[in-house]
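# Chains, contacts and geometry: an overview
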Amino acid sequence: MLKFLIVLVLGIPLFLHSIVSATPFIIGIVNDSLDGTQADGHTMILWNPSIGLSDNVTDVIGLSGNSGASNIFMIDCDLLSNGCSVGINVSLKVINNGDDYVTTIVNETINGEGFQIAENIQLNSPLSITSIYVDDSFSSPSYEVDLSAGETTAVTCQGVVRDYDGENDTLSVYGEFFDTISSAFGNLDDNNDHYTNSSCFLNHSYGNINETQFICNYYVTYYASSNSWNCTVKGADYLINHSASNTTFINPLMAIELPSTIDYGLLDTSVMSNESVVNITNKGNVVVNLTLEGYAVSRGDNLSMNCSDGMNISVNFQKYNLTSSNSGTMTLAQAEQVYTNLSSILTGKTFNLNYRHYDPAPYIDDTNATFWRIYVPDTVSLTSCSGKLIIGATRT
């Protein structure tokens, strides 16, 4: 029997072609998003979830689609390759056409009617992330990060998530902070170049009902590389993710750690001391060389030690080797062959002390040994002597 049908959906007549049998057409309304984006022109997809999305039928919502009416779709379920019999379950949703406007999934059970009205659907408003910036706790300089020697520094990446579906629609914000030269988003964490915060703090009391402030904290080690760094955050609601990023710069940090004293022990006059080892550790984030300077009472006095008997030890009698050990007993003449005389003039020396790269423990790849001796001339009686040694760090 030939049937002619006119279906009225929300007061909008849909003039359909003649239909020979009760072919199941699924008709429904997709409301515009709350940010004002129209549903028309987006694509609705229908599929049997027990079979999968590979077998599907689509329709364009609105005037250019099968319905010929704004905000309405109409899909012939019988066009599924595996058919559309009474009692099967089908699913519908708006698919992402590249603008991130989608919908939740609506499920329908085919009831055998020629035209089946689906549940109304709301086009989702995707998140937007604004006002993102990255900085440390110091007020100056702005948008730069100054690290602290041997410690961690709190770096904050924060901004605002705007969601027209309501602030409570924002489920989470995930962030990564990484060196733009040696790392990238998605890389594994490494204290030198990559940090992750998988649960950034959400402040729902911020702003209006459509705004949420996010705060992603990263505790950055002193040996994080000095480069441009990027903070990328991803906000997620029930349906879609959105990302945004901004950059900052981690400034170079020159810092070294070494013992506070060198104790040469008890020495007779006219004797060269045993070798003393002084380990120097890089507590910054750049490769460093050294500057050396010695004095006894005041800088530039050309002395290495001032002694309690009123006598002094010349600065050139204190000696160093920055690369290799020479253990054992030595005369002054022998020591002068393998050690360098200290000076009261600030002297730069190549040392190439790398900063830490080994995360599990310090003092592995960030520490070099230096080797020191002192000669006590016969002008000094048996007494106590002390002096000053300044070891500084410079960029390579």
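Scroll up to find the structure this text is about.
Per chain, residue numbering runs from 1 following the sequence as it is written. It should be noted that, the model being predicted, local features are given only for residues of pLDDT at least 70 and side-chain atom pairs only at 80 or more, the latter also being counted only at that level, while totals for whole chains, interfaces and linings use all residues. The basis for every side-chain value is the complete set of heavy atoms in the structure, and neither hydrogens nor water enter the calculation.

Moving on: the side chain of N289. With respect to the secondary-structure elements, N289 resides in strand β23 (residues 288–295). Only protein chains enter the calculation, and the probe is 1.4 Å; a residue is then buried if its accessible area is under 20% of its type maximum, exposed if over 50%, and partly exposed in between. Its relative accessible area of 12% is what places N289 among the buried residues. Beyond its immediate chain neighbours, meaning those up to four positions away, N289 contacts K349, T350, F351, N352, G392, A393, T394, R395 and T396. Here a strand is any run of E in DSSP of at least two residues, a helix any run of H or I of at least four, and the numbering for each starts at the N terminus. Any two residues whose heavy atoms approach within 4.5 Å are treated as being in contact.

What follows deals with the pattern of salt bridges. Should a side-chain nitrogen of Lys or Arg be within 4 Å of a carboxyl oxygen of Asp or Glu, the pair is scored as a salt bridge. Summed over all chains, the structure comprises three salt bridges. For E211, the salt bridge identified is with R162, shortest N-O distance 2.7 Å. You can see E211 sitting in strand β17 (residues 211–221) and its partner R162 sitting in strand β13 (residues 152–162), a full 49 residues away along the chain.

Let us now look at the state of the cysteines. When two cysteine sulfur atoms lie within 2.5 Å, the pair is treated as a disulfide. Counted according to the given criterion, the structure contains four disulfides. The disulfide partner of C77 is C84, and the S-S distance across this bridge is 1.7 Å. Here the S-S torsion is close to 90 degrees, and the disulfide linking C77 with C84 is therefore right-handed. Note on C77: relative accessible area 0%, which makes it buried. C84 gets classed as buried once you look at its relative accessible area, which sits at 9%.

Here the focus is the layout of surface pockets. In this structure, the largest pocket encloses a volume near 610 Å³. As for the largest pocket, its lining consists of 29 residues, of which I262, Y264, M305, C385 and S386 are closest to the centre. Among the elements that line the lining of the largest pocket, the one with the most residues is strand β31 (residues 388–395), at three residues. Note on definitions: the grid is 1 Å and covers protein atoms alone; a cavity is a set of points where a 1.4 Å probe fits but cannot get out; a pocket is an open set with protein on both sides within 12 Å along at least five of seven lines; lining residues have an atom within 4 Å of a point. Grid points are joined across faces, edges and corners, and a volume is the space filled by probe spheres set on the points.

For Phe, Tyr and Trp, rings pair up if their centres lie within 6.5 Å, where Trp contributes its six-membered ring, and each pair is then called stacked (planes under 30 degrees apart), edge-to-face (over 60) or tilted (otherwise). Evaluation of the coordinates by the stated rule reveals nine aromatic pairs. Consider the rings of Y174 and F185, whose centres lie 6.3 Å apart with planes at 80 degrees: the pair is edge-to-face. In this pair, Y174 sits in strand β14 (residues 172–179) while F185 sits in the loop between β14 and β15 (194–197), placing the two residues 11 residues apart along the sequence. Given a relative accessible area of 27%, Y174 falls into the partly exposed group. Of the residues examined, F185 reaches a relative accessible area of 32% and is grouped as partly exposed.

With that settled, the discussion passes to the sheet that holds strand β28 (residues 347–353). Strand pairing requires that DSSP identify at least two bridges connecting the strands. A sheet is described by the order of its strands in space; here three strands give the open sequence β28-β23-β31, paired in antiparallel fashion. Each edge of the open sheet is held by one strand with a lone partner, namely β28 and β31. Looking at each pair of strands side by side, their axes are set apart by 30 degrees on average, direction ignored. Where β23 meets β31, eight bridges bridge the pair, whose relative direction is antiparallel. Bridge pairing in β31 links L290 to A393. For helices, the fitted line uses only the C-alpha atoms of the stretch in contact; every axis is such a line through C-alpha atoms, and the angle between N-to-C directions lies from 0 to 180 degrees.

Side-chain alternation along strand β26 (residues 318–321) places Q318 and Y320 on one buried face and K319 and N321 on a second face that is also buried. In this structure, β26 lies alongside strand β29 (residues 367–376), joined through four bridges in antiparallel fashion. Bridge pairing in β29 places N321 opposite F371. Note that β26 and strand β27 (residues 340–341) share two bridges and pair antiparallel. Bridging across to β27, K319 finds its partner in N341.

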